[in-house]
Amino acid sequence: MTKEVLVYVSGIQQEVDGGEPIVLVTAGTYYYRNGKHYILYEEIDEDGQVSKNTIKIGPQAVDVIRKGIVGSHMLFEQGKENLTYYDTPYGSMLMGISTSRISFREKSLSRMELEIDYALSVDGKHMSDCNIQIMITAKM
């Protein structure tokens with residue numbers, strides 16, 4: 001995999017009243033260190049606020065770290081629930097992340113695919129079932 005990559009993120013939160021899919025395509029940086037894949041990229045929201053994101057893919061877990069006006073460190077481990085704080089300008093919320101499935105495939109030297117199914121809870125109350133798909137390709 002090259003250092004310069006394209007990152008494709010799509011996901012959906014299935015809530016009681018449905019859910020809006022998110023789609024993001026952006027340039028990023030990739031490196032492999034100590035048996036883990038790292039993908040770094042920036043995301044700009046509708047208000048022009050920039051978030052710096054890191055995805056760390058290891059053999060047993062996936063970390064998604066978001067730093068910006070909204071911040072979080074989500075840890076996905078199949079079959080486990082992990083707690084994290086979701087920080088916003090209005091305060092922090094304690095969230096539970098129950099991961100039911102993680103699928104990671106290295107399709108070739110220039111393409112990787114990650115898919116995660118998980119449930120979100122706030123204060124112990126189930127909020128939504130979620131799916132996120134991430135594809136990383138070498139930038140040509």
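It should be emphasised that the depicted structure is a prediction, and the values quoted were computed from it without experimental measurement.

Asks: So what's going on with the packing of aromatic side chains? Which residues, and what values?
Replies: Counted by the stated rule, this structure contains two aromatic pairs. With a centroid separation of 4.8 Å and 5 degrees between ring planes, the pair formed by Tyr31 and Tyr38 is classed as stacked. Judged by centre distance (4.9 Å) and plane angle (65 degrees), the rings of Phe76 and Tyr118 are edge-to-face. Linking Phe76 in strand S6 (residues 72-76) with Tyr118 in strand S9 (residues 111-122), this pair joins segments that are 42 residues apart in sequence. Accessibility classification places Phe76 together with Tyr118 in one group, the buried group.

Asks: Could you give an account of the pattern of salt bridges, with specific residues and numbers?
Replies: Scanning all chains against the criterion turns up seven salt bridges. Of the charged contacts in the structure, one is a salt bridge between Lys56 and Asp63, with a shortest N-O distance of 3.9 Å. You can call Lys56 partly exposed: its relative accessible area is 22%. A salt bridge links Glu115 to Arg101, with the nearest nitrogen and oxygen atoms 3.2 Å apart. Of this pair, Glu115 sits in strand S9 while Arg101 sits in strand S8 (residues 91-108), placing them 14 residues apart in sequence. Put simply, Arg101, Glu115 and Asp117 are held in one network by salt bridges that share partners.

Asks: So what about the nonpolar core? Which residues, and what values?
Replies: Within the largest apolar cluster, 25 residues are counted, with the highest numbers of intra-cluster contacts made by Ile39, Ile55, Val62, Met74, Phe76, Tyr118 and Ile134. At six residues, the largest contribution of residues to this core is made by S9.

Asks: Can you explain a nonpolar patch on the surface? Please cite residues and give values.
Replies: Together, Leu83, Tyr85 and Leu94 give the surface a local cluster of nonpolar side chains, amounting to about 310 Å² of exposed area. Structurally, Leu83 is set in strand S7 (residues 81-88). When its relative accessible area of 60% is taken as the criterion, Leu83 is described as exposed.

Analysis parameters
Residues numbered from 1 in each chain as written. Predicted model: local features only at pLDDT ≥ 70, side-chain atom pairs only at ≥ 80, totals over all residues. Heavy atoms only, no water. Phe/Tyr/Trp six-rings, centres within 6.5 Å; stacked < 30°, edge-to-face > 60°. Helix = DSSP H or I, 4+ residues; strand = E, 2+ residues; numbered from the N terminus. Buried < 20%, exposed > 50% of the residue type's maximum accessible area, 1.4 Å probe, protein only. Salt bridge = Lys/Arg side-chain N within 4 Å of Asp/Glu carboxyl O. Core = buried A, V, L, I, M, F, W, Y, C linked by side-chain atoms within 4.5 Å. Patch = residues over 30% accessible without salt bridge, like charges linked within 9 Å, V, L, I, M, F, W, Y side chains within 5 Å. Areas by Shrake-Rupley, 256 points an atom, 1.4 Å probe, with all protein chains shown as cover.

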